[in-house]
Amino acid sequence: MASHILEMRSISKSFPGVKALDEVSFQVAPGEIHCLVGENGAGKSTLMKVLSGVYPHGSYSGDILFNGKVQSFRGISDSEHAGIAIIYQELALFPELPVFENILMGNELTKGLAIDWNETVHKASEMLKMVRLSVNPELKVKDLGIGQQQLVEIAKALCKDVKLLILDEPTAALNEDDCENLLKLLRELRGHGVTCVMISHRLKEVIQIADTVTVLRDGRTICTLDARKGEVTEAILIKNMVGREITNIYPERKHEKPGDVILEVRNWSGYSPKLGRQVLKAVNFQVRKGEIIGLAGLMGSGRTELAKSIFGNPDGFELEGELLFAGVPRSFRSPKEAIDAGLAYATEDRKGNGLILIQDVKSNITLARLKKISHRGVTDNNLEVKAANEYKNSLNIKTPSVEQKVVNLSGGNQQKVSIGKWLFVEPRVLILDEPTRGIDVGAKYEIYTIMNRLVEQGMSIIMISSELPEILGMSDRIYVVSAGRISGEVSRAEANQEKIMHLATQ
Amino acid sequence: MTIQDLREALTKNIRDYGMYIALFVIMAIFTIATQGLFLSPRNIADLMNQTGYIAVLAVGMTLVIVIRHIDLSVGFLAGFLGAVSAVMLTTWHLPVLLVIPAVLVLGTLAGLLTALPVARLGIPSFVASLAGWLIFRGLLLSTLSGTGTIQIADPTFIALGNGSIPDFPIPQVPNPSGEGTVDAFLPGLHKLTLLLGLLAVVWFIVSDFRNRKVKKSYNFAVIPNDMFILKQVFVASALGFITWNLAGYNGMGWTVVIMLVVVVVYDWVSRQTVLGRHIYAVGGNPEAAELSGIGVARITMLVFGSMGFLCGLAGILFASRLQSAGPTGGTLFELDAIAAAYIGGVSAAGGVGKITGSMVGALVYMSLRNGMNLMGVDESLQYIIRGGVLALAVIFDVTTRRVKR
């Protein structure tokens, strides 16, 4: 085999509290399509950010060899200069600018001090031909479809005389036709000598296109497989992606026979006018009293959208289908109505839209139901402090006092405040979106214990999680979400990581 | 108490007290520069009456900025509403007791109208209220187009900006040192003002003590004992001083009464009611507030509505003070109010800002104007100094906030 165009040797990178990459090695041969797969949080994106210079030389350990030379990129401009282009899932285009300007952004063709617009349009048209996108280069990018925008991004990268093209989940937001087109284009580019690294969750397309596949798990390289030798099958990939030992960090709970159905959706579909696509497709599921339902799936599969669509639909989806709460058909027009009915939703992004960081612990805990600590609209400070202290003690929130600002607490304690806030409204169904993301093992265990206590008291919990062991360790029943659909329901007894990953990557 | 303790307590609480210290320093400088004229009873009364309408607007603006918006239309809305009250009183001869509520209602409606595109369609408030600025300016001009400046003669109305509260009826005795009669006791002083001032001091001390006791019972951090006493002495003497001065002139003006009522009510609503908590939650994190079941659009409407209501009040106070309404009434009030709110410690990032702070901010701002006028400082220099103080106040606010985190 020819020598490698890219070789990453023993790359390690730590963030406070986590080792994101642990001695990762990664080699890419020239002219191949190399797929990088792994679960959420396996370290794929971090590795690519190290490569592209987003994390500059010195912030990681290990060596990057590109074109046979050791590189020390200090920023994206360095890596671009060397011939590496990266296209992120979130496209970095300027929606209000025309296609031709986007393609040559950062690579402007000039005549003297001024931009040579004729040459720019000409060059852009050539690039568009190369990626087989036949649109008027004068069109604004926002008027293109997502698939077309992706091609514009690739055209932009090609314009910079790229040697290594990195695509981070390029097909996640595309429909099937656009996917086909993109894969065809990648093969063509391979014919032109462009090397390509693609991160993807869709294993079918990985098998379809990859020459080589590298699997990452928990920040380590697990294996590199040669697809041309037929080493790659879906089963092999899944096994390598999930083959983690499940350590027993989940507290015991008696899995009693669940009670009546408390929440049910039938044929539940949602269209997002903001995103311009269908986010939920004919979803059916039910939650019983005293049950923990695991909602598994990959990021962006529609789990959060499903939760929000039930919880008063704050994002303004156009919804169809039936929602039954305690056996009664309901339609919640705002989070307030959902809360009043007995639903609660602790968001996945506690800093972004969960807590009010600049306010203190007690204000955050009581916010969703101030009625409980007030008489005729006037708040009672003593009652509030008493209530907040109750949750501080029962959830073991580590803070000097309930007057401490939430911004000063650790991630785990912030999460407990968030849970306390929703327990304060005394819900019948509690939706927890990634309840243990970014918190340490000890705090995780405490949160699991709290969840068990709550269901024993008759509450129902829907837990959205990207961590398979957590889903398996905590759930009574598991629904797997993929591309806005429920791709399968798995009972506790039959559940294993392979099965869920298989459903999630459908 | 050692100097060290004092310094530590000051640095810890500098955000809360910085403005009071600034006010104290500014007043001291002007007092020295004007050989005491600045702190004369007459000037204190003047200063209070001048501050009234800006303080009222600053209170409303505080809540607007807290929910991450801005209202540029308040100046000409106040001017327009002042003109409306003049027309109603002078041209239409309507009774003052009808005019005042009508103007307040009109102001509230105008505020709600400005808020409608902001709350329902997500139009930036800067733009929506800029449109309001133009519209209300046009309305002000058209209201006075046939008449020009309208004089107001109604005595009740004029008293709001110029008059004082009545005093107790006191038996008169012959003046020992000259002609006529004087009050039988405390001659030359306004007794009701003294009584109100005394009550305010007692109320402040009692409630602060009770507050401290409650906090201690929950083991919350409280300022050290000696600092606490120092604060009590400082506030009590400041209140006492103002009271004594007001009593020594004509007594407490109606403007001061109105301003204090507005501040006390808004401060209470912002801290002690569900509505207030919702307002600050929306400012702190609108998305989290919405997901906590708070109607962000409803809160936005309410806050702008209250701003409009206060514009009505400010317009009345200003027209009353001038005893007339002219076509330039309200010019740049919005920027004065915004400046006062920022000096008072409101954060542009939203969710932070005290009502009392904004009142003190207004007092600082108007003290600068009043003091420099007394000193005969050139107007051009006055603007520059006021701009400098505003910049300093915001820099102070941002840097102390950073230290705390």
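Remember, predicted model here, so these are calculated numbers, not experimental data. (Residues numbered from 1 in each chain as written. Chains lettered and ligands numbered in written order. Predicted model: local features only at pLDDT ≥ 70, side-chain atom pairs only at ≥ 80, totals over all residues. Heavy atoms only, no water.)

Here we take up the overall build of chain B. Along chain B, the regular secondary structure elements total 16 helices and four strands. What you see for chain B is a C-alpha radius of gyration of 22 Å, in line with the 22 Å of a compact globule of 405 residues. Along the three orthogonal principal directions, the C-alpha set of chain B runs to about 70 × 60 × 40 Å. Within chain B, buried positions represent 49% of all 405 residues. If you take every contact in chain B between residues at least 6 apart in sequence, the share linking residues at least 24 apart comes to 77%. Here chain B has roughly 19,000 Å² of accessible surface; of this, 70% comes from carbon and sulfur atoms. When the 25 positive and 19 negative side-chain charges of chain B are each reduced to one mean point, those points stand 10 Å apart. (Helix = DSSP H or I, 4+ residues; strand = E, 2+ residues; numbered from the N terminus. Rg over C-alpha atoms; globule rule 2.2 N^0.38 Å. Buried < 20%, exposed > 50% of the residue type's maximum accessible area, 1.4 Å probe, protein only. Contact = heavy atoms within 4.5 Å. Areas by Shrake-Rupley, 256 points an atom, 1.4 Å probe, with all protein chains shown as cover. Lys, Arg positive; Asp, Glu negative; His and termini not counted. Charge placed at Lys NZ, Arg CZ, Asp CG, Glu CD.)

Moving on: the nonpolar core. If you look at the biggest cluster of nonpolar residues, it comprises 138 residues, and the most contacted ones within it are A:Ile103 and A:Ile154. Beyond its immediate stretch of four places on either side in the chain, A:Ile103 contacts A:Ala124, A:Met127, A:Leu128, A:Val152, A:Ala155, A:Lys156 and A:Cys159. One finds B:Ala55, B:Ile150, B:Val262 and B:Ala325 within the second-largest nonpolar core, a separate group that totals 103 residues. (Core = buried A, V, L, I, M, F, W, Y, C linked by side-chain atoms within 4.5 Å.)

Residue and element names in this part refer to chain A. As assigned here, chain A comprises domain 1 (1-83 + 163-245), domain 2 (96-161) and domain 3 (261-504). In this structure, domain 1 and domain 3 have C-alpha centres spaced 34 Å apart. In this complex, domain 1 contributes nine residues to the contact, which on the side of domain 3 involves 10 residues. For the pair domain 1 and domain 3, the summed buried area comes to about 970 Å², and 61% of that belongs to carbon and sulfur atoms. The largest share of the area that domain 1 buries against domain 3 comes from Asn40, Ile238 and Val242, three residues that together contribute 48% of it. At the boundary of domain 1 with domain 3, the tally comes to zero salt bridges. Taken together, the connections running from domain 1 to domain 3 amount to zero residue pairs in polar contact (both at pLDDT 80 or more). (Domains from an automatic or database assignment. Buried area = accessible area lost by both parts, 1.4 Å probe. Salt bridge = Lys/Arg side-chain N within 4 Å of Asp/Glu carboxyl O. Polar contact = N/O pair within 3.5 Å; in protein donor to acceptor, adjacent residues only side chain to side chain.)

The subject of this paragraph is the packing of helix α3 (residues 41-66) of chain B against helix α13 (residues 296-322) of chain B. All names here are of chain B. One can describe the packing of α3 onto α13 by two numbers: an axis separation of 8 Å at closest approach and a directional angle of 165°. The orientation of α3 with respect to α13, classified from their angle, is roughly antiparallel. With respect to the hand of their crossing, α3 and α13 are arranged in left-handed fashion. For the pair formed by α3 and α13, the contact residues are Asp46, Asn49, Gln50, Gly52, Tyr53, Val56, Leu57, Val59, Gly60, Met61, Leu63 and Val64 on the first element and Val303, Phe304, Met307, Leu310, Cys311, Leu313, Ala314, Leu317, Phe318 and Arg321 on the second. Of the residues that constitute the contact of α3 with α13, the class distribution is 16 nonpolar, four polar and two charged. (Axes fitted to C-alpha atoms, helices over the stretch in contact; angles between N-to-C directions. Parallel < 35°, antiparallel > 145°, perpendicular 65-115°, else oblique. Left-handed = near helix turned anticlockwise from the far one by under 90°. Nonpolar A, V, L, I, M, F, W, Y, C, P; charged D, E, K, R; others polar.)

Moving on: helix α5 (residues 96-121) of chain B. Residues and elements named next belong to chain B. Look at α5: 38 Å from first C-alpha to last across 26 residues, which is about the 38 Å you get at 1.5 Å a residue. Of all the bends in α5, the greatest reaches close to 40° and is centred on Ala115; the proline Pro117 follows between one and four positions later. Taken together, the buried positions of α5 are Val96, Val99, Val103, Leu104, Gly107, Ala110, Gly111, Thr114, Ala115, Val118 and Ala119. Where α5 is buried, its residues meet α4 (74-91), α6 (125-143), α7 (155-162) and α13. Just downstream of α5, Gly122 is the residue with a positive phi angle, here 75°. (Expected span 1.5 Å × (residues − 1). Bend = angle between axes of the 7 residues up to and from the residue.)

Glancing now at the interface of chain B and chain A. Each partner contributes to the interface: chain B provides 26 residues, whereas chain A provides 34 residues. Around 2,300 Å² of area is buried between chain B and chain A when both sides are counted, 58% of it from carbon and sulfur atoms. Our enumeration of links across chain B and chain A arrives at one salt bridge. With a closest N to O distance of 2.5 Å, B:Arg277 and A:Glu384 form a salt bridge. Secondary-structure elements contributing two or more residues to the side of chain B that touches chain A are α8 (191-217), α10 (254-272), α11 (274-284) and α12 (286-291) of chain B. Examining the composition of the side of chain B that touches chain A, we find that six residues originate from one element, α11(B), more than from any other. Broken down by class, the residue content of the side of chain B that touches chain A amounts to 11 nonpolar, nine polar and six charged.

Another aspect to go through is the environment of A:Leu432. Residues and elements named next belong to chain A. Inspection of the secondary structure assignment puts Leu432 in strand β21 (residues 429-433). Of the residues examined, Leu432 reaches a relative accessible area of 1% and is grouped as buried. In sequence terms Leu432 and Ser269 are 163 residues apart; their C-alpha atoms lie 21 Å from each other. When neighbours within four sequence positions are excluded, Leu432 is seen to be in contact with Ala346, Ile419, Met451, Ile461, Ile462, Met463 and Ile464.

All names here are of chain A. Pairing in this open sheet of six strands is mixed, and the strands run β6-β9-β10-β3-β11-β12 from one edge to the other. Either end of the sheet is taken by a strand with one partner, and the two such strands are β6 (84-87) and β12 (220-226). Ignoring which end each strand starts from, the neighbouring axes of this sheet average 15° apart. Bridging between β6 and strand β9 (residues 164-168) involves four bridges; their strand directions are parallel. When the bridges of β9 are listed, Ile84 appears paired with Leu164. (Pairing = 2+ DSSP bridges.)

Another aspect to go through is the sheet that holds strand β24 (residues 485-491) of chain A. All names here are of chain A. What the six strands build is an open sheet, ordered β18-β21-β22-β15-β23-β24; its pairing is mixed. Either end of the sheet is taken by a strand with one partner, and the two such strands are β18 (343-346) and β24. Averaged over neighbouring strand pairs, the angle between their axes works out to 20° when direction is ignored. Looking at chain direction, strand β15 (residues 292-297) and strand β22 (residues 460-464) are connected through four bridges and run parallel. Bridge pairing in β22 places Ile293 opposite Ile462. In the packing of helix α17 (residues 497-504) onto the sheet, the strands contacted are β15, β23 (477-482) and β24, and the crossing angle to β23 comes to about 30°.

Using the criterion set out here, one finds 14 aromatic pairs over all chains in the structure. An angle of 90° between the planes, with centres 5.0 Å apart, marks the rings of B:Phe209 and B:Phe228 as edge-to-face. Remark: B:Phe228 occurs in helix α9 (residues 225-248) and B:Phe209 occurs in helix α8; sequence separation between them is 19 residues. With relative accessibility at 42%, the residue B:Phe209 sits in the partly exposed group. Over the face of the ring belonging to A:Tyr55 we find A:Lys13, whose NZ or CZ atom lies 4.4 Å from the ring centre. (Phe/Tyr/Trp six-rings, centres within 6.5 Å; stacked < 30°, edge-to-face > 60°. Lys NZ or Arg CZ within 6 Å of the ring centre and 35° of its normal.)

This part is about the pairing of strand β14 (residues 277-288) of chain A. Residue and element names in this part refer to chain A. For strand β13 (residues 261-272) and β14, the ladder comprises eight bridges, and the chain directions are antiparallel. The residue bridging Gly270 from the neighbouring strand is Leu280, located in β14. What sits between the antiparallel neighbours β13 and β14 is a turn of four residues, in which Gly276 has the positive phi angle 70°.

So, about the pattern of salt bridges. Residues and elements named next belong to chain A. Here the structure, examined in full by the defined rule, presents 31 salt bridges over all chains. With a closest N to O distance of 3.5 Å, Asp226 and Arg228 form a salt bridge. Among the charged side chains, a salt-bridge network with shared partners connects Glu32, Asp226 and Arg228.

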